[in-house]
Amino acid sequence: MAEAADFQGTSPSPARRWMRRTAALLASAPLLAGLLQLPAASAADAAGQTSARAASGSRTVTVALDSLSPSAPTEGDTLTVSGTVTNNGKQAVTDAHVDLRVGPELTTRSAIDTAAKRTGYVPGADGTAIGGSFTQEFAKLTPGVGERFSISVPVDDLDLGGSGVYQLGVSLSGETAAQPWEQVLGIERTFLPWQPDEADPRTRTTVLWPLVSTAHMTAETGSNEQQTPVFLNDDLAKEIAPGGRLEQLVSLGKDLDVTWVIDPDLLASVDAMTRGYQVQGESETTAGTHQAVAKQWLADLQKAVADKEVVALPFADPDLASLAHNGTAVTGSLSQFKAATDVAATTVKTVLHVTPSTDFAWPVDGAVDPSIVKVATSAGADKVIARSDSLEETSGLPYAPSAARPIGGGTTAVVADARLSTAFQGDLTKASANTLAVQKFLAQSLALNLQTNQQRSIVIAPQRMPTASQARAMAEAVTALQAGTWTEAQELTAAAEAKPDPGATTNVASTSDYPSSLRKQELPRSAFEQIAQTQDKLDSFKVILTQQSRVVTPFGRAINREMSTSWRGLATEAQGYRDGVESYLDDLSEGVTLIDKSETKLSGRSATIPVTVQNNLVQGVDNLVLRLTSTSPTRLEIDGKAYDEQPVTVSGGHSQSVKFTTSANANGRVTVYAQLFTEDGHAYGAPVRFDVKVTEITATVMLVIGGGVLLLVLAGFRMYTQRKRAAAREAEGDAPETADEPDDGPQNPESPEHRLREESGTRPGAGAPEQPSDPTPDTPAEKADPSGTGERVDR
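Just so we're clear, the structure is a prediction, and the values are computed from it rather than from any experiment. (Residues numbered from 1 in each chain as written. Predicted model: local features only at pLDDT ≥ 70, side-chain atom pairs only at ≥ 80, totals over all residues. Heavy atoms only, no water.)

K.L.:
In this structure, what is going on with the packing of helix H17 (residues 525-542) against helix H18 (residues 549-561)? I would like to understand it.
P.N.:
To describe two helices that pack against each other, one gives the angle between their axes and the distance between the axes. Two numbers describe how H17 lies on H18: the axes approach to 11 Å, and their chain directions differ by 175°. Comparing their axes, H18 and H17 come out roughly antiparallel. The segment H17 lies against H18, with Ile531, Thr534, Gln535, Leu538, Phe541 and Lys542 engaging Val551, Val552, Phe555, Gly556 and Ile559. Residue classes in the contact of H17 with H18 are distributed as 7 nonpolar, 3 polar and 1 charged. (Axes fitted to C-alpha atoms, helices over the stretch in contact; angles between N-to-C directions. Helix = DSSP H or I, 4+ residues; strand = E, 2+ residues; numbered from the N terminus. Parallel < 35°, antiparallel > 145°, perpendicular 65-115°, else oblique. Contact = heavy atoms within 4.5 Å. Nonpolar A, V, L, I, M, F, W, Y, C, P; charged D, E, K, R; others polar.)

So, in structure tokens, the structure goes:
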């Protein structure tokens, strides 16, 4: 950006500038005289040596600037600067004193950056000491020992000029035994924004206040009616507890004119905690104990956002860049993003009782390329929060233009200022780091306002998850900014709708220009493939459930979390979370299964074969079909064909036996497969394979049966012929014997036949009764019909 242009606001009077320059020249006169007296070196060489000596010595003592109040003084204020000086050398520093130094006015934003990077003391560039009573003296600074200082000076005595940003240095001067002359041994520099009068115009400034966290909830829920959620850990309780990161953001943000940018997943997680929750452990889950903390945090947040603008991110804050670069080629990825967007507004409204805006998409660090913009707007958002280091100005504007930029297709890029948005990154736990960050932020803001007389809308989009110390620094800076004289607060929606600057760039950087450091942290394609696989399993599982919402909702939200921006830089943890969700879904799906069967033997031509479906879920299952298939239908038929199907409904925690009618046509072993299907024809679960052994319809059995029938026929025929002959004898009993009738001949009285005739009172040749046939058996004749269909078979 063309940030190097001078301020176009009010400048110091010519007389005061002349006096200051004259004073600087007088102060440097002794140094110039000394340089002229050096016989062995040129003036230029001597100046270089002196500067090198000053630079090396000016880092002997560390100067920590812990506080500067007020941060943006106005006329009549008294500036108080406090901190610590510590001797890092090996020798004591004597005749030491701390001074304030007002440096030159910094007329560009880049000049502020340059001054902030300097470390050692540079004569002339760091101004002259105010001196007088505005000095704190130390007789001696012992090595390694820190000494506190505090200097107060009326702003009028700083001799500031017109509105602008001034460098303010705090230096420690003294002597050492090795260098027994007074010199600057340590310096810290900061910035003093000076806008004594109301700026005209003021910069309309939008500050985003993000409430975003990592994924905390798993897909697992309890079997009770409330479906008690299970959390990965109890870290969220620490964040919302007093002093925690999220608690600090709420307590600090409630008094600021900011636009709240909230991840609905955070609200859903805290809301779930209020009703009771479980926490995963190494071996078992334990009950969470921070319901009261969760209730208090939500209550505080509801009050904080009651009259403020709230922007809802898609649920779980999906990583738009990862999705654009690695996910769009995987079927269903954009559908997941759409689902995360659709549920966002409802979640925020339910928990916070405010209606949020869902028109904004926020890529990581505001870095955009055409593919990211396309994905960001695919779910309905028409505004993308970018950053000025991604949409760099190429038209040579001497100022930072307003945030809103039309980038085509009805999409508006809301371009946040990069310098202001990144002002509070890094470790700000030390008071000195906090103070420097706040003062630099305010200096950059004032410098931006002084660039032009045009009123502009500027957006500040800080990091997504600031630490507690970063949040405190942000709040301190925004408080000073909103109490200052050069800005006025504005909501994000208004900034997006502001009239765009016609000279501002609207060209989105190409995909090849996307920062490699950010690309390395993206979710890989394999992550989106696993997400799609898990979704497919969920789709197959849900169709059999009688209460789908108990499973679809927690798993749907867990799948959203798998795409979260918070996984950047945590590849191992992200993989573990995805594996956990898929594994738990597999466990639930396997709760509805077929019980294995051993070999089954048929005891007749036809029989029923039972197959048992076990439901270990809490809820009932329906919309299932059980299919039994014979691999050899010529030998074994299922209801007269190769396979048969029957619908299945099983209550939660129960099993159901489904019976199939079979008929055997031949001897042998037949393999049978049982398989569950959903009603739309998709296989559900693994099939069960078992063998059916047909043992009674064999060739031997058929021969025996045939032989038995033949014997019965022969026996009947014999009985018929015997009775016919007997009847004939009775008819001829009284007729005289004819010569043709054979003589029985003499009888042996000892023969069995003779004895039998004697006992029966008959004589041979007389009309004796027919010899009786074999007695009739007691058992009924074997039934030739097939056995009943209700016959029990072995399993």
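K.L.:
Which parts of the structure should I look at to understand the environment of Gln291?
P.N.:
One can find Gln291 in helix H7 (residues 291-304). Judged by relative accessible area, which is 23%, Gln291 ranks as partly exposed. For Gln291 and Arg275, which are 16 residues apart along the polypeptide, the C-alpha to C-alpha distance reads 6.8 Å. If near-sequence neighbours (up to four positions away) are discounted, Gln291 is found in contact with Met273, Thr274, Gly276 and Tyr277. Within the structure, the side chain of Gln291 is placed 3.3 Å from the backbone oxygen of Gly288, a separation counted as a polar contact. (Buried < 20%, exposed > 50% of the residue type's maximum accessible area, 1.4 Å probe, protein only. Polar contact = N/O pair within 3.5 Å; in protein donor to acceptor, adjacent residues only side chain to side chain.)

K.L.:
Looking at this model, I keep getting lost on the sheet that holds strand E14 (residues 286-287). Mind explaining?
P.N.:
Pairing between sheet strands relies on hydrogen bonds along the backbone, with the strands arranged either parallel or antiparallel. On the basis of which strands lie adjacent, the open sheet formed by 4 strands has the order E10-E11-E13-E14 and mixed pairing. This sheet does not close on itself; its edge strands, each paired only once, are strand E10 (217-221) and E14. Alignment of E10 against strand E11 (residues 229-231), held across 2 bridges, turns out to be antiparallel. Bridge pairing in E11 places Met217 opposite Phe231. (Pairing = 2+ DSSP bridges.)

K.L.:
It is not clear to me how the sheet that holds strand E27 (residues 643-650) should be interpreted in this structure. Could you clarify?
P.N.:
Read across the open sheet, the 5 strands follow the order E23-E30-E29-E25-E27; overall the sheet is mixed. The open sheet has two edge strands with one neighbour each: strand E23 (600-602) and E27. Adjacent strand axes in the sheet meet at a mean angle of 30°, parallel and antiparallel pairs treated alike. With 7 bridges joining them, strand E25 (residues 621-630) and E27 adopt antiparallel strand pairing. By the bridge assignment for E27, Arg627 is matched with Glu645.

K.L.:
Can you walk me through the packing of aromatic side chains in this structure?
P.N.:
Two numbers describe a pair of aromatic rings. These are the distance of the centres and the angle of the planes. Under the criterion given, the structure shown has 4 aromatic pairs. Geometrically, the ring pair formed by Phe555 and Tyr584 is stacked, given 5.7 Å between the ring centres and 15° between the ring planes. Here the residue Phe555 occupies a position in helix H18, and Tyr584 occupies one in helix H19 (residues 571-589), the gap between them amounting to 29 residues. You can call Phe555 buried: its relative accessible area is 1%. The interplanar angle of 40° and the centroid separation of 5.4 Å between the aromatic rings of Trp567 and Tyr577 together place this pair among those described as tilted. On the criterion of sequence distance, the pair formed by Trp567 in the loop between H18 and H19 and Tyr577 in helix H19 is long-range, its members being 10 residues apart. Just as Trp567 is buried, Tyr577 falls in that class too. (Phe/Tyr/Trp six-rings, centres within 6.5 Å; stacked < 30°, edge-to-face > 60°.)

K.L.:
Explanation requested: the pattern of salt bridges in the structure shown.
P.N.:
Opposite charge on two side chains lets them pair, provided their charged atoms get close. Tallied over the entire structure, the rule returns 28 salt bridges. A salt bridge links Arg419 to Asp113, with the shortest nitrogen-to-oxygen separation between them at 2.7 Å. Taken as a pair, Arg419 in helix H12 (residues 418-421) and Asp113 in helix H3 (residues 109-117) lie far apart in primary sequence, 306 residues in all. Look at Arg419 and you get partly exposed, because its relative accessible area is 26%. The residue Asp235 makes a salt bridge to Lys238 at a minimum N-O spacing of 4.0 Å. In this pair, Asp235 and Lys238 both sit in helix H4 (residues 235-240), 3 residues apart, roughly one turn of the helix. Owing to a relative accessible area of 35%, Asp235 belongs among the partly exposed residues under this scheme. When salt bridges that share partners are traced, they join Asp113, Arg419 and Lys440 into one network. (Salt bridge = Lys/Arg side-chain N within 4 Å of Asp/Glu carboxyl O.)

K.L.:
Just to check I follow, could you spell out helix H10 (residues 344-352) for this structure?
P.N.:
An α-helical turn contains 3.6 residues, so any two residues separated by three or four positions project in the same direction. Within H10, the full set of buried residues consists of Ala344, Thr347, Val348, Val351 and Leu352. Viewed end-on, H10 has its buried residues packed into an arc of 95°, placing them on one side of the element. Projecting away from the buried face of H10 at angles above 90 degrees are the exposed residues Thr346 and Thr350. In this structure, the buried residues of H10 make contact with strand E12 (259-262), helix H6 (264-274), H7, strand E15 (310-312) and helix H9 (333-342). Just past H10, the residue His353 takes up positive phi, approximately 65°. (Arc of directions from axis to C-beta.)

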